Amino acid sequence: MTWEVLSFIGTIAFAISGTIIAMEEEYDILGVYILGIITAFGGGAIRNLLIGVPVSALWDQSFYFVIALVSITIVFVFPTNLSKHWDRWGNLSDAIGLSAFAIQGAMYAVELNHPISAIIVSAALTGCGGGILRDVLAGRKPLVFRKEIYAVWAIIAGLALGSGVLSQSWQLYLLFAVITILRVLSYTNNWHLPNKKWVPKT
């Protein structure tokens, strides 16, 4: 049950996130749907490739494709006078999608009895992969590679599940809430990882 709930939440959140980015970039309706779908399912496709699950397994998720299409449509027809709130809702949707899919990706690898390293990678790719593809296709620098803390939260989710610390449904939902809150705090308070700019000698 936890798996289905997280898949449902993550699909809606990332479909909305991709749709908002596409509309900010003034994509046409086809571009909006394509970017929304890629954002919602891209991370899972990349994860499946790397942990040995056929990518075609994604096509068995017809219910989630319908959910994604409905979510994209609702955002696309949203009243334009509320567009000033889209940045805030876009960031929140991205945080929710990151948390839900990171935990879902870790659960997937745990069920396949992969080692903790693969569980962490699965969490990171599932949580961040769709966002990376979204940003690249939108012509933006991927959020995960910038100084703002992003992928760290997905790695923490993978570490928590891979170490066996969390396993009960209520614990996973609590982790989902914590990761979402931490992601929101990280962009509202401008938390960031150390970075250094390379300056070539002249």
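Residues numbered from 1 in each chain as written. Predicted model: local features only at pLDDT ≥ 70, side-chain atom pairs only at ≥ 80, totals over all residues. Heavy atoms only, no water.

Visitor: Can you walk me through the side chain of R134 in this structure?
Guide: Note that R134 resides in helix α5 (residues 116-137). Discounting residues that sit within four places of it in the chain, R134 has contacts with S17, G18, I21, L35, T39 and D94. (Helix = DSSP H or I, 4+ residues; strand = E, 2+ residues; numbered from the N terminus. Contact = heavy atoms within 4.5 Å.)

Visitor: So what exactly am I meant to see when it comes to the UniProt feature "transmembrane region" (unreviewed entry) in the chain here?
Guide: Listed under "transmembrane region" (unreviewed entry) in the UniProt record, and renumbered for this structure, are residues 6-23, 30-50, 62-80, 116-137, 149-166 and 172-191. Between the C-alpha atoms that bound residues 30-50 the distance is 29 Å, and the span itself is 100% helix and 0% strand. When the span residues 172-191 is considered, its composition is 85% helix and 0% strand, and the gap between its end C-alpha atoms is 24 Å. (UniProt positions renumbered as here; feature names shortened; annotations may be inferred.)

Visitor: Can you walk me through the packing of aromatic side chains in this structure?
Guide: The description of two aromatic rings rests on the distance between their centres and on the angle between their planes. Tallied over the entire structure, the rule returns 4 aromatic pairs. Geometrically, the ring pair formed by F41 and F65 is stacked, given 4.1 Å between the ring centres and 15 degrees between the ring planes. One end of the pair, F41, is in helix α2 (residues 29-51); the other, F65, is in helix α3 (residues 62-76), and 24 residues separate them in sequence. One exposure class covers both F41 and F65, and it is buried. With a centroid separation of 5.4 Å and an interplanar angle of 70 degrees, the aromatic rings of F63 and Y64 are classed as edge-to-face. (Phe/Tyr/Trp six-rings, centres within 6.5 Å; stacked < 30°, edge-to-face > 60°. Buried < 20%, exposed > 50% of the residue type's maximum accessible area, 1.4 Å probe, protein only.)

Visitor: Is there a simple way to think about the packing of helix α6 (residues 151-162) against helix α7 (residues 169-188) in this case?
Guide: Between two packed helices, what matters for the description is the angle formed by their axes and the separation of those axes. One way to put it is that α6 packs onto α7 with a least axis distance of 10 Å and a crossing angle of 160 degrees. As far as their axial angle goes, α7 and α6 are roughly antiparallel. When you trace α6 past α7, the crossing you get is right-handed. For the pair α6 and α7, contact is made by W153, I156, A157, A160 and L161 and by L172, L175, I179, L182, R183 and S186, respectively. Per-class residue counts for the contact of α6 with α7 are 9 nonpolar, 1 polar and 1 charged. (Axes fitted to C-alpha atoms, helices over the stretch in contact; angles between N-to-C directions. Parallel < 35°, antiparallel > 145°, perpendicular 65-115°, else oblique. Left-handed = near helix turned anticlockwise from the far one by under 90°. Nonpolar A, V, L, I, M, F, W, Y, C, P; charged D, E, K, R; others polar.)

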